[in-house]
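# Analysis of the macromolecular model
Next come the chains, spelled out residue by residue.
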Amino acid sequence: MHKLLFMSTPVGALSSGIGGGVELTLYNLIQEMQKRGYDITTIAPKNSYFANAKIIEIEGSVHIPAQTQTRDIPTVMPKNSVLGNMWEYARKVQSEYDLIVNFAFDWLPFYLTPFFSTPIAQFISMGSLSDSLDEMMDKIAQQYPHNFGVYTKSQANTFPFSQLCEILGSGLDLSLYQYSEKCEQKLAWLGRIAPEKALEDAVKACDITQVPLLIFGKIQDEQYWQNILTQYPDAPIDYRGFLSTQDLQEELRQCQGLLMTPRWIEAFGNVAIEALACGVPVIAYARGGPSEIVEDGKTGFLVTPDSVDGLVKAINQLSTINRYDCRLVVEKEYSLEVWGDRFEAWFKKIVKTN
Ligand code: HBI
């Protein structure tokens with residue numbers, strides 16, 4: 001196994017921030033596998049860009065983000081779908097590759113899998129969101145029982161084929177994140193600004209405690225963002241924008257804590273390990289990926305889901321956390337090397353068994 005073809009998400013161009021956590025996962029995996037001598041090519045929508053990566057840009061209409069739809073929505077294919085165009089190209093070049101890795105959370109790639117001769121590893125970037133997609137994923141998982149990889153057990157448990165999922169966790173290039181012992185009296189919130197991330201809870205908690213809140217990330221839902229500003233006109237918030245990792249960690253590491261308020265089952269929560277890598281404790285709702293990352297009382301606090309009072313209580317206990325413990329846990333469990341080993345072993349198992 002030497003040449004790998006990565007198939008990106010169709011929701012937007014890589015590095016636009018629309019792709020959320022899967023963009024960071026894709027970027028880190030490309031870097032780590034190239035370091036191990038693999039030849040990686042990525043197929044992605046037009047205007048995608050990653051440093052130090054081979055990207056084939058494909059024209060076409062981007063797809064609706066699945067998490068904005070309800071469970072019963074039929075699968076929708078836009079005119080001139082970029083996803084259709086990406087997979088048409090992949091079919092033509094597949095014989096040049098030892099393995100294809102799908103990162104799209106969409107019906108089409110799963111449907112096409114049995115029509116491909118090159119093995120396809122399916123990396124699932126979210127928890128279950130749609131009945132028609134669950135049905136198609138389950139059908140393919142039964143046919144290719146080794147080929148489904150996820151971030152966490154709680155994410156796997158949202159699918160009917162949970163027992164078949166390879167739990168891969170996540171990883172970070174720790175050299176990009178500088179540990180900071182000291183911090184100022186301010187909190188951070190980091191992620192796509194969209195309803196499923198429930199930023200409003202973090203803003204409300206900071207309105208109550210009057211601790212300043214730095215907000216980082218792409219505004220994916222403008223109306224949702226405006227509603228928050230209208231609802232909490234006096235909250236001490238400062239929108240910092242969608243920053244590069246370098247600029248983000250410079251500001252993040254000065255914070256007393258990160259607030260994670262996912263309304264949905266967060267598949268992993270890369271932002272949690274980004275904060276911990278800087279020595280910043282994480283206060284998170286006890287659901288999904290973050291509940292498997294944060295050690296309550298040691299590297300942050302796990303709070304009753306959707307309880308703003310719980311957030312407020314935890315904010316007042318942040319000074320009891322030893323910030324260096326946060327950095328240590330990331331070095332031990334979430335380095336690129338440890339994570340790369342898990343992915344490489346999974347890829348080898350798929351090539352061997354397909
Ligand atoms: N929605 N339709 C669709 N397809 C994706 O690949 C997709 C998505 N929503 C979000 C998403 N991928 C990634 O941002 C995940 O990391 C959340």
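These numbers come from a predicted model, not from an experiment. (Residues numbered from 1 in each chain as written. Predicted model: local features only at pLDDT ≥ 70, side-chain atom pairs only at ≥ 80, totals over all residues. Heavy atoms only, no water.)

### Topic: empty space enclosed by the protein
Formally: In the cavity and pocket records, a cavity denotes points on a 1 Å grid over the protein atoms alone where a 1.4 Å probe fits but cannot get out, a pocket denotes an open set with protein on both sides within 12 Å along at least 5 of 7 lines, and lining residues are residues with an atom within 4 Å of a point. Grid points are joined across faces, edges and corners, and a volume is the space filled by probe spheres set on the points. Per the convention used, a helix needs a DSSP run of H or I reaching at least four residues, while a strand needs a run of E reaching at least two, with both numbered from the N terminus. Charged means Asp, Glu, Lys or Arg here, nonpolar means Ala, Val, Leu, Ile, Met, Phe, Trp, Tyr, Cys or Pro, and polar covers whatever is left, Gly included.
Scanning all chains against the criterion turns up 1 cavity of 30 Å³ or more. One number sums up the size of the largest cavity: a volume of about 300 Å³. Lining the largest cavity are 19 residues, and of these Ala 66, Pro 74, Thr 75, Val 76 and Asp 106 lie nearest its centre. Residue assignment for the lining of the largest cavity shows that the elements contributing at least two residues are helix H3 (107–112) and helix H4 (131–143). Of the residues contributing to the lining of the largest cavity, the split by class is 12 nonpolar, 6 polar and 1 charged.

### Quick word on the UniProt feature "domain: Glycosyl transferase family" (unreviewed entry) in the protein chain
Rule in force here: UniProt positions are given in the numbering used here, feature names are shortened, and annotations may be inferred rather than shown by experiment.
According to UniProt, the "domain: Glycosyl transferase family" (unreviewed entry) feature falls on residues 186–320. Taken end to end, residues 186–320 is 36% helix and 19% strand, and its first and last C-alpha atoms sit 16 Å apart.

### Section: the sheet that holds strand S5 (residues 120–123)
Just so we agree on the cut-off: Any two strands are treated as partners once DSSP identifies two or more bridges connecting them.
Spatial ordering of the open sheet is given by S3-S2-S1-S4-S5-S6-S7, a layout of 7 strands whose pairing is parallel. Each edge of the sheet is formed by a strand with only one pairing partner; in this case those strands are strand S3 (54–58) and strand S7 (166–167). Two strands pair when backbone bridges link them, and strand S4 (residues 99–102) and S5 are joined in this way by 3 bridges, in the parallel orientation. Each bridged residue has a counterpart across the sheet, and for Val 101 the counterpart in S5 is Ala 121.

### Here's the deal with the packing of aromatic side chains
Operational definition: Stacked, tilted and edge-to-face are the three classes applied to pairs of Phe, Tyr and Trp rings, where Trp contributes its six-membered ring and a pair requires centres within 6.5 Å; stacked means planes under 30 degrees apart, edge-to-face means over 60, and tilted covers the rest. Residue burial is assigned from relative accessible area. The probe radius is 1.4 Å, only protein chains are included, and a residue is buried under 20% of its type maximum, exposed over 50%, and partly exposed in between. Lysine NZ or arginine CZ positioned within 6 Å of the ring centre and within 35 degrees of the ring normal marks a charge as sitting over the ring.
Summed over the entire model, instances satisfying the criterion amount to 20 aromatic pairs. A ring pair is formed by Tyr 111 and Phe 115, whose centres lie 5.5 Å apart and whose planes are at 50°; its orientation type is tilted. Classification of Tyr 111 by relative accessible area gives partly exposed; the value is 34%. Positioned above the aromatic ring of Tyr 97, the side-chain terminus of Lys 3 is 4.9 Å from the ring centre.

### Re helix H6 (residues 199–209)
Where burial is concerned, most of H6 is hidden: 8 out of the 11 residues are buried. By the burial criterion, the buried members of H6 are Leu 199, Glu 200, Asp 201, Ala 202, Val 203, Ala 205, Cys 206 and Thr 209. Count one or two residues on from H6 and you reach Gln 210, which has phi positive near 60°.

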